Amino acid sequence: MAGIGANPLDAQASPEKPQASGTQTLMRGLALLECVAAGIGDVKGIAARLGTPRSTTHRMLNSLTQDGYLHHVPYKGYLLGPKLIALGMRALEQRPLVAIARPHIEELARQTGDTVHLGVVEGAEVFYLDKIPNTRGLEMRSRIGLRMPLASTGLGKALLLGLPRERWSELYEHALRLTAAAPERPPLAPWPEFESRLAAYVDRGWSFDLEENEIGIRCVGAPIRDVRNQVVAAISVASAVPYMPDERMEELGPIVRAVADAISKDLGWKRDERASGHR
């Protein structure tokens, strides 16, 4: 019981002190994990970054290691532990690609007036996950669930930018075989020209489809990357040739790439400013 004359507010305030202390401890622990994620793995470096005594830092490291959030390598330092790896994978599972990309591609379609696609790699083909129709009244054969050769579409070539160059010729040959079996399909450029164009697309971070998949339709595509900096999907803007002269395609390239980058950031990707493009 509070003594006579005691301020009742003091009694009410006291339970909040442990709560404030607990929040501070939690935030300090999260800051410590961020230090390790950034490559600071020794007690001295972490203590200096957090501004905490080494004894306190060491206790926090021991607790997080015992609980599996960190892993200690003797004489090397601390690394992120198995629990964080599992949580990271769960976070990826809970952020489905289509749901994350949808608002971005809807806005891109609204701004351009053109059809916007979202796709992923399935073997030697691109699988269309989503499609936002254009507002120009144009019809094109693309649809959700469709599969097309990677090497003959703007969307597919954007995905090729994340694959080893040794695979380009194999995927080019696959597209050639499908083209030969369907005479109505437009021919691909000769291999030396195709390879040269793809190398240029890698350097700038976006790709073109110059009526290589459907006569009268041109596309501009760009890759989407995840937290590991791996290409996991791509988007493209597609329209009829009259709306896609060379000049407009060049203008759209950086715009499509910027939207792809925004989706990538929502997936946890961070740009490496030291690198040229996305390589």
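Heads up: the structure comes first, above all this text.
Residues numbered from 1 in each chain as written. Predicted model: local features only at pLDDT ≥ 70, side-chain atom pairs only at ≥ 80, totals over all residues. Heavy atoms only, no water.

**Section: the overall build of the protein chain**
And step 1. Looking only at helices and strands, the protein chain has ten helices and eight strands in total.
And step 2. Burial status across the protein chain gives 42% buried among its 279 residues.
And step 3. Within the protein chain, contacts between residues separated by at least 24 positions form 54% of all contacts whose residues are at least 6 apart in sequence.
And step 4. Total accessible area on the protein chain stands at roughly 15,400 Å², and carbon and sulfur atoms take up 56% of it. (Helix = DSSP H or I, 4+ residues; strand = E, 2+ residues; numbered from the N terminus. Buried < 20%, exposed > 50% of the residue type's maximum accessible area, 1.4 Å probe, protein only. Contact = heavy atoms within 4.5 Å. Areas by Shrake-Rupley, 256 points an atom, 1.4 Å probe, with all protein chains shown as cover.)

**Quick look at the pattern of salt bridges**
And step 1. In total, this model carries 15 salt bridges according to the counting rule given.
And step 2. Note that Arg110 is salt-bridged to Glu107, the shortest N-O span being 2.6 Å. You can see Arg110 and its partner Glu107 sitting in helix α6 (residues 97–112), three residues apart, about one turn around the helix.
And step 3. Among the ionic pairs, Arg257 bridges to Asp261, the shortest N-O distance being 3.8 Å. On the criterion of helical spacing, the pair formed by Arg257 and Asp261 is a turn pair, its members being four residues apart in helix α10 (residues 246–266). (Salt bridge = Lys/Arg side-chain N within 4 Å of Asp/Glu carboxyl O.)

**Some details on the environment of Ala189**
And step 1. Its place among the elements puts Ala189 in the loop between α8 (168–181) and α9 (191–204).
And step 2. Along the primary structure Ala189 and Tyr172 are separated by 17 residues, whereas in three dimensions their C-alpha atoms are 9.9 Å apart.
And step 3. Excluding anything up to four places from it in sequence, Ala189 contacts Tyr172, Phe194 and Arg197.

**With respect to the packing of aromatic side chains**
And step 1. Under the defined criterion, the tally for this structure stands at four aromatic pairs.
And step 2. Summarising the aromatic geometry, the rings of Tyr172 and Phe194 are spaced 4.9 Å apart at their centres and angled 50° between planes, so their arrangement reads as tilted. On the criterion of sequence distance, the pair formed by Tyr172 in helix α8 and Phe194 in helix α9 is long-range, its members being 22 residues apart.
And step 3. Following the ring pairs from residue to residue traces out a cluster consisting of Tyr172, Trp191 and Phe194.
And step 4. The cationic tip of Arg136 hangs over the ring face of Tyr243; the distance from NZ or CZ to the ring centre is 4.2 Å. (Phe/Tyr/Trp six-rings, centres within 6.5 Å; stacked < 30°, edge-to-face > 60°. Lys NZ or Arg CZ within 6 Å of the ring centre and 35° of its normal.)

**A few points about a nonpolar patch on the surface**
And step 1. Together, Leu26, Met27 and Leu30 make up a nonpolar patch on the protein surface, roughly 290 Å² of accessible area in all.
And step 2. The topology assignment puts Leu30 in helix α2 (residues 16–37).
And step 3. By relative accessible area, Leu30 is classed as partly exposed at 39%. (Patch = residues over 30% accessible without salt bridge, like charges linked within 9 Å, V, L, I, M, F, W, Y side chains within 5 Å.)

**Digging into α9**
And step 1. Here α9 contains 14 residues, and its C-alpha end-to-end distance of 20 Å stays within 8% of the 20 Å for a straight helix at 1.5 Å per residue.
And step 2. If you follow the buried residues of α9, they end up packed against α7 (154–160), α8 and β6 (207–210).
And step 3. Of the residues trailing α9, Gly205 is marked for its positive phi of about 95°. (Expected span 1.5 Å × (residues − 1).)

**Side note on helix α4 (residues 54–66)**
And step 1. A rise of 1.5 Å per residue sets the reference length of α4, with its 13 residues, at 18 Å; its end C-alpha atoms lie 18 Å apart and thus fit the reference within 8%.
And step 2. Taken together, the buried positions of α4 are occupied by Thr56, Thr57, Met60, Leu61 and Leu64. Along the long axis of α4, the arc covered by the buried residues comes to 135°, so they all point the same way. In α4, the exposed residues that point more than 90 degrees away from the buried face are Arg54, Arg59 and Gln66. (Arc of directions from axis to C-beta.)

**Some words on the sheet that holds β6**
Strand-to-strand pairing in sheets goes through backbone hydrogen bonds, with the strands running parallel or antiparallel.
And step 1. Strand order in the open sheet formed by six strands is β5-β4-β3-β8-β7-β6, and the pairing between neighbours is antiparallel. Bordering the open sheet on either side are β5 (147–149) and β6, each of which pairs with just one other strand. In this sheet, adjacent strand axes meet at a mean angle of 35° when their direction is disregarded.
And step 2. Against the sheet, α10 makes contact with β6, β7 (217–225) and β8 (231–240), and its axis sits at roughly 25° relative to β7, the strand it touches most. (Pairing = 2+ DSSP bridges. Axes fitted to C-alpha atoms, helices over the stretch in contact; angles between N-to-C directions.)

**Structural notes on the nonpolar core**
And step 1. Grouped together as the largest cluster of nonpolar side chains are 49 residues, with contacts concentrated most on Leu118, Leu160, Ile224, Ile235 and Ile263.
And step 2. Counting residues in each nonpolar core, the second largest holds twelve residues, with Leu32, Leu33, Val43 and Tyr78 among its members. (Core = buried A, V, L, I, M, F, W, Y, C linked by side-chain atoms within 4.5 Å.)

**Points about the pairing of β8**
And step 1. When you tally the buried positions in β8, you get eight out of ten residues, the bulk of the element.
And step 2. Where strand β3 (residues 115–122) and β8 come together, five bridges link them in antiparallel fashion. The residue of β8 that forms the bridge with Gly119 is Ala234.
And step 3. In this sheet, β8 lies alongside β7 in antiparallel orientation, the contact comprising nine bridges.

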